[in-house]
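Here is how the chains run, residue by residue.
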Amino acid sequence: MKNYKFYIFDFDGTLVNSYFSMIDIFKHAFEMIGETCTEEQTKRYMRGSLKHVIEERKIEGANLTLFIQGIFEGLDDPTITINTVPYDETLEILANLRKNNAKMGIVTGNNVNHVREILKSKNMDSYFDAIVGSDNCKTPKPEAEPLLMCIDMIPGFDKKDICYIGDSKNDYLCAVNAGVDGYLLDRENEYSDFDGPKITNLRELIINL
């Protein structure tokens, strides 16, 4: 893999394993409006944006208010932060990239304050120079806006020196739409039909460093 000067990561499912935490968050939010959410739906929802979830489930009016309230109540639960853990290689990779003077950012469908709280609790906050979440931009991934916003926070980089890594096709498409290299992180071979650039572990980012 080519070496880059600016590495931008998705958060949930890429840097941290938040799957079981997100199950609890979505379960609580949907219970607030008298609906249910399966584990399989949770996996799909956490790889998208809250806007897409709301549109798909046709949540509106008073239910929309309650649903958003439920999401934020879930995010504020301290056990969520405790149960969200970095993947085994995450800290190693971040330290290695920083040692090689790479800049790093996060573009996520999650809430920025929640992400910062988790980063701080896991001693990861010092690695990131820019963070963009769903609460920062109007159009979610796979649109280019959130990634371009992150790039603009750390000016001076040519797009050929920037890459974006995420665990969903939306992440890869976001990179394509923003004009930077994208890599799909497919830890469990869920995207066997994907023919674009793919890695199965973050350690593949530093093979050539």
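Structure's up top.
Parameters and conventions
- Numbering of residues starts from 1 in each chain and follows the order in which that chain's sequence is written.
- Thresholds applied to this predicted model are a pLDDT of at least 70 for local features of residues and 80 or more for the giving and counting of side-chain atom pairs; totals over whole chains, interfaces and linings are not thresholded and use all residues.
- Based on all heavy atoms of the structure, the side-chain values leave hydrogens and waters out of the count.
- Like-charged residues are merged into a patch within 9 Å and nonpolar side chains (Val, Leu, Ile, Met, Phe, Trp, Tyr) within 5 Å, provided each residue has over 30% relative accessible area and no salt bridge.
- All accessible-area figures derive from a Shrake-Rupley calculation using a 1.4 Å probe, and residue coverage is judged against the displayed protein chains alone.
- Salt bridges, as used here, are contacts in which a Lys or Arg side-chain nitrogen is within 4 Å of a carboxyl oxygen on Asp or Glu.
- His is not counted, nor are the chain ends, whereas Lys and Arg count as positive and Asp and Glu as negative.
- We put the charge of a Lys on NZ, of an Arg on CZ, of an Asp on CG and of a Glu on CD.
- Starting at the N terminus, helices and strands are each numbered in turn, a helix being any DSSP run of H or I of at least four residues and a strand any DSSP run of E of at least two.
- Note on definitions: the grid is 1 Å and covers protein atoms alone; a cavity is a set of points where a 1.4 Å probe fits but cannot get out; a pocket is an open set with protein on both sides within 12 Å along at least five of seven lines; lining residues have an atom within 4 Å of a point.
- Grid points are joined across faces, edges and corners, and a volume is the space filled by probe spheres set on the points.
- Residue classes follow a fixed rule: Ala, Val, Leu, Ile, Met, Phe, Trp, Tyr, Cys and Pro count as nonpolar, while Asp, Glu, Lys and Arg count as charged, and any other residue, Gly among them, counts as polar.
- Contacts were defined at the residue level, with two residues in contact if any of their heavy atoms lie within 4.5 Å.
- Only protein chains enter the calculation, and the probe is 1.4 Å; a residue is then buried if its accessible area is under 20% of its type maximum, exposed if over 50%, and partly exposed in between.
- Strands pair, by our definition, only if DSSP identifies at least two bridges between them.
- Note on handedness: a crossover is taken as right-handed if, strands pointing away from the viewer, the path from the first strand over the helix to the second is clockwise.
- For our purposes a nonpolar core is just a set of buried Ala, Val, Leu, Ile, Met, Phe, Trp, Tyr and Cys residues, chained together by side-chain atoms within 4.5 Å.
- Two aromatic rings, drawn from Phe, Tyr or Trp (for Trp, its six-membered ring), form a pair once their centres lie within 6.5 Å of each other, and the interplanar angle then sorts them: stacked below 30 degrees, edge-to-face above 60, tilted otherwise.
- Working rule: Lys NZ or Arg CZ, within 6 Å of ring centre, within 35 degrees of ring normal, means a charge sits over the ring.

### Structural notes on a negative patch on the surface
Item 1. Negative charge collects at one region of the surface, where Asp24, Glu73, Asp76, Asp77 and Glu117 lie side by side.
Item 2. Tracing the backbone through its elements, the reader meets Glu73 in helix H4 (residues 61–76).

### Brief notes about empty space enclosed by the protein
Item 1. Under the counting rule described, the total for this entry stands at one cavity of 30 Å³ or more.
Item 2. The volume enclosed by the largest cavity comes to roughly 70 Å³.
Item 3. Around the largest cavity, the lining comprises 13 residues; the ones closest to its centre are Ser49, Thr108, Gly109, Pro140 and Lys141.
Item 4. Split into classes, the residues belonging to the lining of the largest cavity amount to four nonpolar, seven polar and two charged.

### Looking at the environment of Val85
Item 1. The topology assignment puts Val85 in strand S3 (residues 85–86).
Item 2. Not counting chain neighbours up to four residues away, the residues in contact with Val85 comprise Val16 and Asn17.

### Considering the pairing of strand S7 (residues 181–185)
Moving residue by residue along a regular strand, the side chains alternate between the two faces of the sheet.
Item 1. The buried fraction of S7 is high, at four of five residues.
Item 2. Across four bridges, strand S6 (residues 162–166) lies against S7 in parallel orientation. Each bridged residue has a counterpart across the sheet, and for Cys163 the counterpart in S7 is Asp181.
Item 3. Each parallel crossover has a hand, and the one from S6 via helix H9 (residues 169–178) to S7 is right-handed.

### So, the nonpolar core
Item 1. Counting residues in each nonpolar core, the largest one holds 28 residues, and the members touching the most others are Tyr7, Phe9, Leu15, Phe128 and Ile165.
Item 2. When residues of this core are traced back to their parent elements, those giving at least two are strand S1 (6–9), helix H6 (90–99), strand S4 (103–107), helix H7 (112–121), S6 and S7.
Item 3. Per-element tally for this core: the top contributor is H7, with four residues.
Item 4. Once you skip the residues sitting within four places of it in the chain, Ile165 turns out to touch Tyr7, Ile8, Phe9, Asp10, Thr14, Tyr183, Leu185, Ile199, Leu202 and Leu205.

### Here's the deal with the packing of aromatic side chains
What characterises a pair of aromatic rings is the spacing of the ring centres plus the angle enclosed by the ring planes.
Item 1. Applying the stated rule across the entire model yields nine aromatic pairs.
Item 2. Between Tyr4 and Tyr7, the aromatic rings sit 5.8 Å apart at their centres with planes inclined by 85 degrees, giving edge-to-face as the arrangement.
Item 3. On the accessibility criterion, Tyr4 (6% relative accessible area) is buried.
Item 4. Looking at Tyr7, the relative accessible area reads 0%, which means it is buried.
Item 5. Each residue in the set Phe26, Phe30, Tyr45 and Phe67 is aromatic and connected to the rest through ring pairs, giving one cluster.
Item 6. When the ring centre of Tyr19 is taken as reference, the NZ or CZ atom of Lys43 above it lies at 5.4 Å.

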